[in-house]
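Next come the chains, spelled out residue by residue.
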Amino acid sequence: MILDGKCPTGPIEKTWDKHRFDLKLVNPANKRKYNIIVVGTGLAGGAAATSLGELGYNVQAFCYQDSPRRAHSIAAQRGINAAKNYPSDGDSILRLMYDTIKGGDFRAREADVWRLAQVSNNIIDQCVAQGVPFGRDYAGYLDNRSFGGAQVSRTFYSRGETGQQLLLGAYSALSRQIKLGSVKMYNRREMLDLVVVDGVARGITCRNLITGEIESYAADAVCLCTGGYVNVFYLSTNAKGCSVTATWKAAKKGAFFANPCYTQIHPTCIPQAGEYQSKLTLMSESLRNDGRIWVPKKKEDVNKRPEQIPEEDRDYYLERKYPSFGNLAPRDISSRSAKEQCDEGRGVGPGGRGVYLDYAESIQRLSEKIICERYGHLFEMYERITDDNAYKTPMRIYPAPHYSMGGLWVDYNLMSNIPGLFVLGEANFSVHGANRLGASALMQGLSDGYFVIPYTIGGYLATVKPSGTKTDHAEFKKSAEEVNATNKKLLSINGKRTVTEFHRDLGKIMWNNVGMARSKESLTEAIQQIPKLREEFWKNVKVTGTGAELNQQLENAGRVADFLEFGELMARDSLHREESCGGHFRVEHQLPDGEAKRNDADFSYVGAWEFKGLDKEPELHKEPLKFETIHLAVRSYK
């Protein structure tokens, strides 16, 4: 099937404005007749629930945390992009679009990226009005900093807590709608199934994580805002609760899963300390503004203290390889470059899995006081974890799984191929292509929630009548029975291995075979190993407790069961895409200098997979990508 993204035509500068005008409207009195479910209350979900509630729709919002304030958006540290060009350094909406498409290695929809760049400026105004304390310069104006993949300063920030402050702004607006009654908040609920009635998304099935009760909720439209899936690697920078469950359950009900092979490995993380570590810690990409990345030139120097290695024996490899961007090369390139140095035997620290991020030159140039003002709490966090003072000794960093560019397929209106199912933020595939630039995740989440879905969901609802579907419908009962049956099966196995052991084993398969560098052999091995591990899981996992209580082992077992299915699809997508682009690097497809070798002739499309059943090959559907404003070119940061 050739998919239609329903992208508007004409001059790209007018596409979003014209599309908004062409969308049908729901008048204020009729909005009160429609019910909308929003799953997830991070930046995308919180903004969407708030905006839709403000418009007058009846909104039901769900999160598995005890409060929307604990959504993982809170972990984003150092900024959000916007094309306001306050520094007058040459930025514009078109340049932000160009950098985003180039950063994604020409694997994103052009029209979607233009819209993202266009509304980025509105996001900053909205957040300032909400009281978000963005950093300001000496004169009191909003300040900007640089991030990877750009040669301009367009990143607005709130110290190292930008995600937290943006989320608090959205949460305060959401709280107002909850108080007014336009949004009904359901905390500590985990979506375990999508309910589809006559081919249309009509609701969800949840587990109350406190009581264990299986609950059903009906609506006229469902918005999934549930984040990404990189915990498939077990070790990642994501919160432990982040999972693929919501989007994977939707995929099993017919929603197409697009580009699952596109995962981002962040270059600036604290290296793994031990075998039984449960997650990794992200150090903000903004640290690369003033820090210089290097490794020893000589393998025999890797065990020396960094201060014992003279300047002439240090290899500032990013500055050497990418002089135009230096230490601010995009994340995928920086991560692969770090891996190359370590694979050559020049990595530092335990296991040789680390490179230095050095502030000596910046401290000498600017003073320790200024570096402390810019990054002090990050240095404090690093010292608490590693017991090293980064003002005196270079940080050690290494790449770690961080973000997923793939997600459920959506059209220009953010609606999946299932009518009534909308997907926002990291949960969809839409704007980042094969690699996300730093500070663009927050931009996408708030763009989708504040400035896109209020228009596009209205355009859909204006074409359908309020369904009146109730939770006593046969499809809701069937869904609840299936969820109950799965939980009972997990509890009844009573095997000998813990859920965490299985997750860790899956993570090793994924990291070793579907990680930063992939090959036909490694991917074929993963596709062979994952079903075997999945089979053992369903025979030998041990989940204690019952379903009628708070049971985090049961929660985690369900999430790992979904990862064991999804991981195979991710490997299959990686195997089918015979090219290297962005975060997807196939060792068979590289240029003589080691850079990614894209295959535009055969793979300039979105690959969307239709689930056909376990142990059956999924069906591939394609959406061709067209580039009329930003023309296809070899991606170079040299």
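Let me sum up the structure you'll find in this document.

Parameters at a glance
- Residues take numbers from 1 onward in each chain, read along the sequence in its written order.
- Reporting in this predicted model follows two pLDDT cut-offs: at least 70 for local features of residues, and 80 or more for side-chain atom pairs to be given and counted; totals over whole chains, interfaces and linings ignore these cut-offs and use all residues.
- Hydrogens and water are ignored here; the side-chain numbers use all heavy atoms of the structure.
- Only DSSP runs of H or I covering at least 4 residues are called helices, and only runs of E covering at least 2 are called strands; the numbering of each starts at the N terminus.
- Based on C-alpha atoms, the radius of gyration is set beside the globule rule, defined as 2.2 Å times the residue count to the power 0.38.
- Think of it in three bands: with a 1.4 Å probe and only protein chains considered, a residue is buried below 20% of the maximum accessible area for its type, exposed above 50%, and partly exposed in between.
- One requirement defines pairing of two strands: DSSP has to find at least two bridges between them.
- We call a pair of cysteine sulfur atoms a disulfide whenever their separation is within 2.5 Å.
- Think of it this way: a Phe, Tyr or Trp ring, Trp meaning its six-membered ring, pairs with another when their centres are within 6.5 Å, and the plane angle makes it stacked under 30 degrees, edge-to-face over 60, tilted otherwise.
- Counted as salt bridges are all cases of a side-chain nitrogen of Lys or Arg within 4 Å of a carboxyl oxygen of Asp or Glu.
- Every helix has an expected span of 1.5 Å times one less than the residues it contains.
- Any two residues having at least one pair of non-hydrogen atoms within 4.5 Å are treated as being in contact.

## So, the overall build of the protein
Within the protein, the secondary structure is distributed over 17 helices and 19 strands. Since a compact globule built from 638 residues should have a radius of gyration of about 26 Å, the 24 Å found for the protein is in line with a globular shape. The dimensions of the protein, computed from C-alpha atoms along their principal axes, are 75 × 60 × 50 Å. Classification of the 638 residues of the protein by burial places 61% in the buried group.

## Comments concerning the environment of Lys478
Of note, Lys478 is situated in helix α13 (residues 474–493). What makes Lys478 partly exposed here is its relative accessible area of 45%. C-alpha of Lys478 to C-alpha of Gly459: the two residues are 19 residues apart in sequence and 30 Å apart in space.

## Observations regarding the sheet that holds strand β12 (residues 292–296)
Taken in spatial order, the five strands make up an open sheet running β11-β15-β14-β12-β13, and their pairing is antiparallel. Of all the strands in the sheet, just β11 (263–269) and β13 (314–315) have a single pairing partner and so form its edges. Two elements, β12 and strand β14 (residues 355–358), share three bridges in a ladder whose sense is antiparallel. Within β14, the position partnered with Ile293 by the bridge is Leu357.

## A few points about the state of the cysteines
A full pass over the atoms with the stated rule returns zero disulfides. Summary of cysteine pairing: Cys261 is not part of a disulfide, and the nearest cysteine sulfur, belonging to Cys581, is at 6.5 Å. A relative accessible area of 0% places Cys261 in the buried class.

## Looking at the sheet that holds strand β19 (residues 619–624)
Ordered by their spatial adjacency, four strands build an open sheet running β16-β10-β18-β19, and the pairing between neighbours is antiparallel. Both outer strands of the open sheet, β16 (407–408) and β19, are each paired with one neighbouring strand and no more.

## Comments concerning the packing of aromatic side chains
For the structure shown, the criterion picks out 26 aromatic pairs. Pairing Phe62 with Tyr186 gives two aromatic rings, centres 4.8 Å apart and planes at 10°, and the pair type is stacked. Here the residue Phe62 occupies a position in strand β2 (residues 58–62), and Tyr186 occupies one in strand β5 (residues 183–186), the gap between them amounting to 124 residues. Both residues of the pair, Phe62 and Tyr186, count as buried.

## What to know about the pattern of salt bridges
In a structure, side chains of opposite charge can pair up when their charged atoms sit close to one another. The final tally for this structure, using the stated rule, is 60 salt bridges. Two residues, Arg635 and Asp332, come together in a salt bridge whose shortest N-O distance is 2.8 Å. Placement of Arg635 in the segment after β19 and of Asp332 in helix α9 (residues 331–343) is noted, with a sequence separation of 303 residues between them. Asp505 is paired through a salt bridge with Arg497; the nearest N and O atoms lie 2.5 Å apart. Exposure remark for Asp505: the relative accessible area of 25% places this residue in the partly exposed category. Residue class for Arg497 comes out buried when judged on its relative accessible area of 17%. Linked by salt bridges that have partners in common, Asp105, Arg107, Asp332, Arg336, Arg577, Glu579, Arg598, Asp600 and Arg635 make up one network.

## Considering helix α15 (residues 520–540)
The terminal C-alpha atoms of α15 lie 30 Å apart, and with 21 residues this matches the ideal 30 Å at 1.5 Å per residue to within 8%. Those residues of α15 lying buried are Ser522, Leu523, Ala526, Ile527, Ile530, Leu533, Arg534, Phe537 and Asn540. Lining the buried residues of α15 we find α13, α14 (499–514) and α16 (552–576).

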